[in-house]
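# Remarks on the overall topology
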Amino acid sequence: MQFHRAHVLVCHGTNCSLKAPQSIVDAFRGALKEHGLEQEVRVVETGCFGLCEQGPTVVVYPEGALYCRVTPGDVADIVAQHLLKGRMVERLLYREPALVKTVQTFPEAQYFQKQVRVVLRNCGLIDPESIEEYIARGGYLSLGKALTTMQPAEVVKVVSDSGLRGRGGAGFPTGLKWRFAARAERQPKYVVCNADEGEPGTFKDRLILEGDPHAVLEAMAICGYAVGASRGFIYIRGEYKLSIAMLETAIKRAREIGLLGANILGTGFDFDVEIRLGSGAYVCGEETALFESLEGGRGEPRIKPPYPTDRGLWGQPTVINNVETLANIPHIIEKGAEWFRGLGTPSTPGTKVFTLCGDIVNGGLIEVPMGITLREVIYDIGGGIPGGRQFKLAQTGGTSGGCVTEELLDVPMDYDSMAKAGTALGSGALLIMDDSHCIVDIAKSFARFFVHESCGKCVPCREGTKRIYDIVDGFSRGRGTARDLELLELLARTLYMTPLCPLGQTAPLPIMTTLKYFRDEYEAHMQGQACPAGVCPGLGSGLTKEVGAW
Amino acid sequence: MFPANPQYHYEKEVEPKVISSMPTTPEPVLARVDSIIAQHRETLGALMPILQGIQQELGWIPEAAMHRVAEALSMPPDKVYSVVSFYTLFSTKPKGKYVIRVCESAPCHVEGAAAIIAELEKQLNIKMGEVTPDRQFSLEFTSCVGICGVAPAIMVNDEVHGNLTPAMVSQVLSKYK
């Protein structure tokens, strides 16, 4: 093995790579060659660091210097100054938004200080295409530990004791799911990884798979051992090209060295994983709809019960877990349930990966302990609202989540507290909006999403989402009446109670929370025929003279 | 018109409304379809991988191809059509060489997707959902594609472009012209 005195890590996540890191990698390789450093310095294409807003990001080790918004033109400087002479290139270093401090190394930045990286511990540190680097960071140790020193029932017990809850949005206890599946007698059983991430504002699964694909494979194998399954499927969105490529490489390498396939580590345990692609349907993120799609049909949810652990894929007992849930498993097996319970809150132990987007200084990917407040996330980690504007509302949990305003910013974020506050933690998407936005316009965007994504199987959802859109659209055109608001509330209650799957049940939540907190804005649209933010076309802006977001 | 399967007889009023712009699908194209079918037919749940293969290969799924698939998998053609019409990445009509998918979900909406859409429509001189007359560009909506970190974003075929402003649209388009 060759040793290098320095490593240049170039973020290759989708968010950064659309600003062309390949040309940055090429520029680094070229410049290093020019200076005769190619033997001493290694260039690694790695997963996301999380600072998507500041991308493309480059980290130079051993110092851990964090360079932001790097262009191929800057590369020559970094090589000539930093790598050759040992002087950091100040103008490119990460700038703390609040403190206006310039010299920032990777661990020093406040953006990272409040974070606890369990799921993302390898993202941005290893080359995701190298199984050796994953193993060097303790990878596949947990699989070995489970296979050689633990009974399947013990593995299930550790996961149950850890209190891990599903990170896909519903927060169902993972250990319970595994226990039910392990108890089922029929064979074959299946393990499915739900990577059909469609919730607007969520991109955590994509970046986990791009940065650390082996963690998910290892977890699936552990799950297979625990419940007695020998076949796994990863159902991933067809649009996630880079994640798919990373997974394919990872599966191939794991098979080559015998960590997937027949007789893993000589223990007689067989497990293999296949990738299946989605074709663009949000509803396929619902577990039974995902099974329908995987089996080769329209992705329409099934009636539950029977639950997947009893009758799932092809009618067989199936464990289905989200990417982030699975990525927690190897650490729990390695360090034990007690360690995991030490993170987060008693009802929801562990960490959560959040994706920050909208009107925030540092948009991107963060991982924090459960129970952190939204205020800390927005102001301490996210750097606050840009452009000196005021915070208006945040939507938690993606488009199917609810909206919160200033007074709810101090609610601890875990599944139960958020539900009590009338919103949802969901998939961990946080969409921050400032005061330039019109609430009716935002609500219309939510409503349109559900009209498009309703699968049409059950009537309440198919018709209800359409009617909600019609009413909100009416408001944005100045046609809304007081009666419409009553109808909207009635419709929302019906839609909450009657549909087949969570898509329909959660569809009214975002709209109703906007109505709850900003009823006056809806009323301004109907009475004064004015859009206070001046966004809705055809309506005069009554209260302020702001031009709006665009 | 198509190699209909005599097993499934359609009444006139329930005939699936698939409109092929080509009167017949040429034999070499169907041969490519057949090879995709042969590649996947043994996998469990073969329908999706086959349709994804055809969509990838031809850029759309002609009616004749759906019949081939139905025959190969011994299922009614309407089942194949129902699946094709369910998913947004499958198309029953030919598209432009470059399919521009514009995200209009909340995070992109908040960051100004509407202005990007207006600019794209202006530059290409077509409306959302249409194809340019020279068949170079299709313009369509998509739901969130998980690149919200750099909203507003669009996808041109498999390539992602983010942090867009209306001024950048012509620059992006010029890459493909």
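What counts, and where the lines are drawn
- Residues numbered from 1 in each chain as written.
- Chains lettered and ligands numbered in written order.
- Predicted model: local features only at pLDDT ≥ 70, side-chain atom pairs only at ≥ 80, totals over all residues.
- Helix = DSSP H or I, 4+ residues; strand = E, 2+ residues; numbered from the N terminus.
- Rg over C-alpha atoms; globule rule 2.2 N^0.38 Å.
- Buried ≥ 20, exposed ≤ 12 C-beta atoms within 10 Å, placed from the backbone.
- Contact = placed C-beta atoms within 7 Å.
- Nonpolar A, V, L, I, M, F, W, Y, C, P; charged D, E, K, R; others polar.
- Pairing = 2+ DSSP bridges.
- Axes fitted to C-alpha atoms, helices over the stretch in contact; angles between N-to-C directions.
- Core = buried A, V, L, I, M, F, W, Y, C linked by C-beta atoms within 7 Å.
- Parallel < 35°, antiparallel > 145°, perpendicular 65-115°, else oblique.
- Left-handed = near helix turned anticlockwise from the far one by under 90°.
- pLDDT = per-residue confidence, 0-100.
- Expected span 1.5 Å × (residues − 1).
- Arc of directions from axis to C-beta.

### Re the overall build of chain A
Helices and strands together make up the secondary structure of chain A, namely 22 helices and 14 strands. Against the compact-globule benchmark of 24 Å for 550 residues, chain A has a radius of gyration of 24 Å, which places it among compact chains. The dimensions of chain A, computed from C-alpha atoms along their principal axes, are 75 × 65 × 40 Å. Relative to its full complement of 550 residues, chain A shows a buried share of 58%.

### Structural notes on the interface of chain A and chain B
Facing the 47 residues of chain A at the interface are 35 residues of chain B. Every element with two or more residues in the side of chain A that touches chain B is listed here: α1 (14-17), β8 (269-277), α12 (287-294), β10 (351-358), β14 (429-434) and α17 (439-453) of chain A. The greatest single-element share of the side of chain A that touches chain B, amounting to six residues, is contributed by α17 of chain A. Of the residues in the side of chain A that touches chain B, the class split is 17 nonpolar, 21 polar and nine charged.

### Digging into the sheet that holds strand β6 (residues 231-236) of chain A
All names here are of chain A. If you trace the five strands from one edge of the open sheet to the other, you get β7-β8-β6-β5-β9, paired in mixed fashion. Either end of the sheet is taken by a strand with one partner, and the two such strands are β7 (261-264) and β9 (318-322). Mean inter-strand twist for the sheet, computed between neighbouring axes without regard to direction, equals 25°. Where β7 and β8 come together, two bridges link them in antiparallel fashion. Each bridged residue has a counterpart across the sheet, and for G261 the counterpart in β8 is F271. Packed on one face of the sheet, helix α11 (residues 241-256) meets β6, β7 and β8 and runs near 160° to β8. Each of β5 (190-195), β6, β8 and β9 is contacted by α12, which is oriented at about 100° to β6, the strand it contacts most.

### Things to note about the pairing of β9 of chain A
Residue and element names in this part refer to chain A. Of all five residues in β9, five are buried; the element is thus mostly enclosed. On β9, burial covers both faces: T318, I320 and N322 on one face and V319 and N321 on the other are all buried. Examined bridge by bridge, β5 and β9 share five bridges and lie parallel to one another. The residue of β9 that forms the bridge with C193 is N321.

### Observations concerning the sheet that holds strand β3 (residues 154-156) of chain B
Residue and element names in this part refer to chain B. Strand order across the open sheet formed by four strands is β2-β1-β3-β4, with mixed pairing between neighbours. Only two strands of the sheet have a single neighbouring strand rather than two, namely β2 (137-142) and β4 (159-161). Between one strand and the next, the sheet's axes are offset by a mean angle of 25°, whatever the strand orientation. Across the face of the sheet, helix α6 (residues 113-124) comes into contact with β1 (98-103), β2 and β3 while running at roughly 155° to β1.

### Let's talk about the nonpolar core
Residue and element names in this part refer to chain A. Within the largest apolar cluster, 221 residues are counted, with the highest numbers of intra-cluster contacts made by F28, V216, M220, I222 and C223. Tallying contributions element by element places helix α10 (residues 213-227) first for this core, with eleven residues. Once residues lying within four places of it in the same chain are set aside, the contact partners of V216 are C193, L209, V323, L326 and A327.

### Quick word on the packing of α10 of chain A against α11 of chain A
All names here are of chain A. Closest axis-to-axis distance for the α10/α11 pair is 9 Å, and the angle between their directions is 55°. Comparing the axis directions of α10 and α11 gives the class oblique. Handedness of the crossing formed by α10 with α11: right-handed. Facing α10, whose interface residues are P213, H214 and L217, α11 presents M246, L247, A250, I251 and A254. When grouped by side-chain class, the residues that make up the contact of α10 with α11 number seven nonpolar, one polar and no charged.

### Focus: the confidence of the model for chain A
Across chain A, pLDDT averages 89, with 95% of residues at or above 70. Confidence drops under a pLDDT of 50 for residues 542-550 of chain A, and excluding neighbours within four residues, the segment shows 23 contacts in the predicted structure.

### Some remarks on helix α18 (residues 459-476) of chain A
Residue and element names in this part refer to chain A. Look at α18: 26 Å from first C-alpha to last across 18 residues, which is about the 26 Å you get at 1.5 Å a residue. Along α18, the residues that are buried comprise C461, G464, T465, I468, Y469, I471, V472, F475 and S476. Mapping the buried residues of α18 onto a view down its axis gives an arc of 165°, with all of them on the same face. Elements in contact with the buried residues of α18: α17, α19 (482-497), α20 (502-506), α21 (508-517) and α22 (519-527). Where α18 ends, the next residue or the one after it, G478, has phi of about 80°, a positive value.

### Description of the packing of helix α1 (residues 27-40) of chain B against helix α2 (residues 47-58) of chain B
Residues and elements named next belong to chain B. Look at α1 against α2: their axes get within 9 Å of each other, and the N-to-C directions meet at 145°. The handedness of the crossing between α1 and α2 is right-handed. Contact with α1, carried on its side by V29, R32, V33, I36, I37, Q39 and H40, involves P49, I50, G53, I54, E57 and L58 of α2 and no other residues of that element. Residues of the contact of α1 with α2, tallied by class, amount to eight nonpolar, three polar and two charged.

### Things to note about unusual backbone geometry
The omega torsion across P305 of chain A and P306 of chain A is 5°, close enough to zero to call that bond cis. The backbone of W314 of chain A sits at a positive phi, close to 50°, despite the residue not being glycine. Along the chain, W314 of chain A falls in the loop between α12 and β9. Despite not being glycine, S74 of chain B shows a phi value in the positive range, around 50°. Within the secondary structure, S74 of chain B sits in the loop between α3 (63-72) and α4 (77-86). For S74 of chain B, a count of 8 C-beta atoms within 10 Å gives the class exposed.

### Focus on the environment of V131 of chain B
Residue and element names in this part refer to chain B. Tracing the sequence through the fold places V131 in the loop between α6 and β2. It is 22 Å that separates the C-alpha atoms of V131 and S105, two residues lying 26 residues apart in sequence. Setting aside residues no more than four positions away along its own chain, V131 makes contact with K95, G96, I126 and S138.

### Describing the environment of Q39 of chain B
Here Q39 of chain B shows up in helix α1. Between the C-alpha atom of Q39 of chain B and that of P107 of chain B, which follows or precedes it by 68 residues, the distance is 39 Å.

### Some details on the confidence of the model for chain B
Residue and element names in this part refer to chain B. Confidence in the prediction of chain B, expressed as mean pLDDT, is 86, and 86% of residues score 70 or more. Below a pLDDT of 50 lies the segment residues 9-13, which in the model reaches one contact outside its immediate sequence neighbourhood of four places, other chains included. Model confidence for the complex is summarised by a pTM of 0.90, with the ipTM given as 0.88.

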